[in-house]
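Descriptive structure summary
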Amino acid sequence: MSAPVFQGYRRPDGRVGTRNHVLVVPTVICASVVAERVAAAVAPIGTALPHTAGCGQLGPDMHVTHDTLAAYCGHPNVGAVLVIALGCEQVVAQRLAEAARAAGKPAEIVAIQSEGGTVRATARATSIARAMAADLARTPREACDVSSLILSVKCGGSDYTSGLASNPALGLVADRLVDLGGSAVLGEIAEIMGAEHLLAARAPNAETAGRLLRVINRVESEAMALGLDIRGTQPSPGNIRGGLTTIEEKSLGATHKGGERTPLADVVPYAGRITRKGLTVMDTPGLDVESVTGMVGGGAQVVVFTTGLGTPTGNPIAPVIKITGNARTAASMADNIDLDVSGVLDDRETLDAAAARLFDDVLAVASGKETATERLGFREFAIHRRNPTI
Amino acid sequence: MNPVIVISVADNVGTALETLEPGRVVTRDAAAITVRERIPRGHKIALAAIAAGAPVIKYGNSIGTATSEIAAGAHVHTHNVSSARGRGDLASRREVPQDGRIAEPPDDRRNA
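Residues numbered from 1 in each chain as written. Chains lettered and ligands numbered in written order. Predicted model: local features only at pLDDT ≥ 70, side-chain atom pairs only at ≥ 80, totals over all residues.

With respect to the overall build of chain B
- When its secondary structure is counted, chain B shows zero helices and nine strands.
- Its helices and strands in sequence order give chain B the pattern β-β-β-β-β-β-β-β-β, from N to C terminus.
- By residue count, 30% of the 112 residues in chain B fall in the buried class.
- Excluding contacts between residues fewer than 6 apart, the proportion of contacts in chain B whose partners are at least 24 apart in sequence is 44%. (Helix = DSSP H or I, 4+ residues; strand = E, 2+ residues; numbered from the N terminus. Buried ≥ 20, exposed ≤ 12 C-beta atoms within 10 Å, placed from the backbone. Contact = placed C-beta atoms within 7 Å.)

See below:
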């Protein structure tokens, strides 16, 4: 059997996209509304990154904001970039445009102050965005090897079915993708707490295992420093109602989605570029939107998001596939769910068969099939911050 | 269909796939376990007696420690299991380090 392929967009820098967006990037919160209006004028090919950062940030947070925005500008799911600047902010518009151009994409900047106000800036930016969208509509999809895929694995609104059905099914997909030369990325450090020994044992050397343990210890120390019991935050109140008792239980169920045997190839900072084959762990919080934002920034072109209770979370540039092992949620939140794997729990379907269906859906979505989040317009974006805004 | 799913042979708890009422008998391999109290769907049942202080095992790994003796057939959840992780509430309160800070002047001198 020949290796499976998907229909993707080959980029000049060698990376492969599953979508072909005009990305409208505000440098700062002050430019976010203009960016959203410009993107809406060319939706759905146009998509914005509205955010609350970009100024008043201390050093480390400023770097995270800049690096995250720059990562999206260079991302293979983006075909062209339009930066909306205010003019007096910390984030440097030119550096974002350069990140896009370095990846071989056209990039333009419109600055609100120098353009003469928001009305003129919106008009000029919309006209640029329309021209970019018209150009991108001519980009062909081509057959691409699955080894070029980086799959973000995520869970949210977890209940007892997550660890028993949807996460194990997703783990088999991650294992299969890595066997075929692809990559997977797992975030949510707090939700590895209690299962880190299983991932560390899959590291090729003590150095990589040590980097994983250091980020987990840092997150646990931060929670401890507040003098609080982490329970109630992890697991969340909904997780506890759903039957999850401790963070260890949640983590053991959650880490299944990173596969059972993929080697732990790397540990990267928030939105840091994923460069190694195998499983990468990214230093993200458990908060869904911040976590997905970071993993897509790292280069993931498709997200598979397992849920027990149901959740709307999407992403501005990457398709997010929602799967659930909870038959009630599959029915009650049908609008938000792409794939129902609840048959695994009542013997209607084997885990292998559910994983095979999910793998096929990943390739179909990578080739352009619309997901529930895309259909409903869920494009949440939130950059993680660790320090106060001043 | 067995209403209780057990993941690993090492586990001493199973997950109820439907709400279990007291008196119902469920099985684990050849062993019969009588449900002692109502266990909501998705929650855990003790498959054997678990001593206070002993690990509660699911997925073949510890998910916490029993805070009291748990009988076989009992509901296992936050009321009788304690997490070992992220317990800042148990950590001794430490003084905030003052090194490097400039002491604030008393209020009466502030406008002097």
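Concerning the sheet that holds strand 4 (residues 46-48) of chain A
Residue and element names in this part refer to chain A.
- Overall, parallel pairing links the four strands, which are arranged 4-3-5-6 in an open sheet. Two strands close off the open sheet at either side, each with one partner strand: strand 4 and strand 6 (107-111). Sheet twist, expressed as the mean angle between neighbouring strand axes with direction ignored, is 20°.
- Across six bridges, strand 3 (residues 21-26) lies against strand 5 (residues 78-85) in parallel orientation. Paired with L23 across the bridge in strand 5 is V81.
- Each of strand 3 and strand 5 is contacted by helix 2 (residues 59-74), which is oriented at about 160° to strand 3, the strand it contacts most.
- Sitting on the sheet, helix 5 (residues 118-136) is in contact with strand 3, strand 4, strand 5 and strand 6, with an inclination near 175° to strand 5. (Pairing = 2+ DSSP bridges. Axes fitted to C-alpha atoms, helices over the stretch in contact; angles between N-to-C directions.)

So, the interface of chain B and chain A
- Chain B puts 24 residues into the contact, and the matching count from chain A is 29 residues.
- Split by residue class, the side of chain B that touches chain A holds seven nonpolar, eleven polar and six charged. (Nonpolar A, V, L, I, M, F, W, Y, C, P; charged D, E, K, R; others polar.)

Here we look at the packing of helix 6 (residues 160-179) of chain A against helix 10 (residues 247-254) of chain A
All names here are of chain A.
- Interhelical geometry of helix 6 versus helix 10 gives an angle of 20° and a closest axis separation of 8 Å. Taken together, helix 6 and helix 10 sit at an angle that is classed as roughly parallel. Regarding helix 6 and helix 10, the two cross each other, and that crossing is right-handed. Seen from helix 6, the contacting residues are S162, G163 and N167; seen from helix 10, they are L252, G253 and A254. (Parallel < 35°, antiparallel > 145°, perpendicular 65-115°, else oblique. Left-handed = near helix turned anticlockwise from the far one by under 90°.)

What about helix 8 (residues 206-225) of chain A?
Residue and element names in this part refer to chain A.
- Helix length check: helix 8 (20 residues) gives 27 Å between terminal C-alpha atoms against 28 Å at 1.5 Å per residue, within 8%.
- Considering only its buried residues, helix 8 is in contact with helix 7 (196-200), strand 10 (264-268) and strand 11 (278-282).
- Within two residues after helix 8, G227 carries a phi angle of roughly 75°, on the positive side. (Expected span 1.5 Å × (residues − 1).)

Remarks on the sheet that holds strand 5 (residues 44-46) of chain B
All names here are of chain B.
- A sheet is described by the order of its strands in space; here four strands give the open sequence 1-2-5-8, paired in antiparallel fashion. For this open sheet the edge positions go to strand 1 (4-5) and strand 8 (75-76), each flanked by a neighbour on one side alone.
- As paired elements, strand 1 and strand 2 (residues 13-16) share two bridges and run antiparallel to each other. Paired with V4 across the bridge in strand 2 is A16.

Just distances and angles here, no functional claims.
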